[in-house]
Amino acid sequence: MPSDNLAAARAENAWLRSYPFWDAYFTVVLIATVVVVALDTGTAAAGATAIGLLLLLALAYVLVGRAAVRSEEVPTRQAWQYAAVAVVLFTAADLIAPASAFALSAVVAQLFMSFRTHQAIALLAVLFAIPAVNLFQIAGMEPLVAAVVAVVALSSSALLGTFIHRLAMQNIDRARLIAELDRTRADLAEISRQAGVLAERERLAGDIHDTLAQGFTGIITLLQAAEAESGGGRHLELAVRTAQENLAETRALIAALAPPALDGRSLDRALRRLAHGFELPVEVVVRGLPSPLPPAVEVALLRAAQEGLANVRKHAAARSVRLELTYDTGAVRLAVADDGAGLTGDAEGYGLGLMRRRVEPLGGTVRVEGSRGEGATLTVEVPWSE
């Protein structure tokens, strides 16, 4: 649906769901009924009592009936409460002042918006009982004629009410459809944004590989050749070591920017592949029953493993690393543990901050534990359930 049409449909639906027309209709009908009852030729006391009962019916509508009419679930407890009050008050008012029957034209719509069709028809039959008796007694009609008139009135009201009920249900279904369409459009926009980000990261990783990485490789080759010809020296050794370290950092940057190495693999297989290309020995342990995870969770955990290994390479001075993936009930957890120098200061940095921003929208947590000389452990936990 084009965006203009969707906006128009949403605006129209919002107007229908607010039901201002039905509130106004009930108010007009009630005022008209009160006026008719007041002008009726009966006693003033009876008219005042009937008007009081009608006003109580209006109060009941404001307190519980209005919410029942607007509810997407039918019937609600409030609908039954309002129906019970309406039957009692309307029946009493109609017994006292038969002109109160005019209020039925407003109550019909309320019942069919608050109940299923068969329930509303049954309640309507109860409400029509007293007016039908009054019609027979006051108008002096033959019983058969009065019965036919009552049946026709009930049938026409039920037909109109059924139309109103179906309109209300279509309105609710339409609102749900539009809400679902809005969610789908938001999901597609997010997917498109993520695809654009991944494409740009892949392009940037390729550019770095073709420039910096290749350049460092060439510099190392030239320095090693110069070292072989001159017999070496402290400055040449330092230059070679510096170039090698920067090449390693560049390759780590390329790995971090490149798309996750999932491409159809399970997360544990992707972690094993990541560990296989690492400079240090990496033990990969999987606990629990491996299960398919949402793509966003898999990407977040794989990125966390990449960042954890990059931190070990840069800061830990470790001899080995352990990647542990645990599938628990309601959560999946990744731990990156090393046997290096441990934490010597504030562990928070750009990499961990980026990891938190990636994990926290998923409801996950990131924590780093360790002490000086005893290694460090990075743990990322994300809630998940099938």
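Residues numbered from 1 in each chain as written. Predicted model: local features only at pLDDT ≥ 70, side-chain atom pairs only at ≥ 80, totals over all residues. Heavy atoms only, no water.

### Some words on helix α3 (residues 44–70)
Here's step 1: The first and last C-alpha atoms of α3 sit 37 Å apart over 27 residues, in line with the 39 Å expected at 1.5 Å per residue.
Here's step 2: At V62, α3 shows its strongest bend, of approximately 55°.
Here's step 3: Looking at α3, one finds that the buried residues are G47, A50, I51, L53, L54, L57, A58, A60, Y61, G65, A68 and V69.
Here's step 4: Where α3 is buried, its residues contact α2 (20–39), α4 (77–96) and α5 (104–114). (Helix = DSSP H or I, 4+ residues; strand = E, 2+ residues; numbered from the N terminus. Expected span 1.5 Å × (residues − 1). Bend = angle between axes of the 7 residues up to and from the residue. Buried < 20%, exposed > 50% of the residue type's maximum accessible area, 1.4 Å probe, protein only. Contact = heavy atoms within 4.5 Å.)

### Some thoughts on the side chain of S100
Here's step 1: Within the secondary structure, S100 is located in the loop between α4 and α5.
Here's step 2: Those residues in contact with S100 that sit more than four places away from it in its chain are T33, V37, A50, L54, F90, A93 and D94.

### A few points about the nonpolar core
Here's step 1: Membership of the largest hydrophobic core comes to 41 residues, with the highest contact counts inside it found for F26, V37, L54, L111, F115 and L127.
Here's step 2: Put simply, the parts of the chain that give this core at least two residues each are α2, α3, α4, α5 and α6 (117–139).
Here's step 3: The dominant element in this core, judged by the number of residues it contributes, is α3, at ten residues.
Here's step 4: In this structure, L267, A275, V312 and M355 belong to the second largest nonpolar core, which totals 32 residues. (Core = buried A, V, L, I, M, F, W, Y, C linked by side-chain atoms within 4.5 Å.)

### Notes on the confidence of the model for the chain
Here's step 1: On average, the chain scores 75 in pLDDT, and the residues at 70 or more come to 72%.
Here's step 2: In this model, residues 8–16 is a region of pLDDT below 50 whose contacts with residues beyond four sequence positions or in other chains number twelve contacts. (pLDDT = per-residue confidence, 0-100.)

### Thoughts on the pattern of salt bridges
Here's step 1: In this structure the tally under the stated criterion is eight salt bridges.
Here's step 2: Note that R322 is salt-bridged to E283, the shortest N-O span being 3.1 Å. Separated by 39 residues along the polypeptide, R322 in strand β2 (residues 321–328) and E283 in strand β1 (residues 282–287) bring together distant segments of the chain.
Here's step 3: With a relative accessible area of 43%, E283 lands in the partly exposed category.
Here's step 4: The partner of R287 in a salt bridge is E324, and the shortest N-O contact between them spans 3.2 Å. You can see R287 sitting in strand β1 and its partner E324 sitting in strand β2, a full 37 residues away along the chain. (Salt bridge = Lys/Arg side-chain N within 4 Å of Asp/Glu carboxyl O.)

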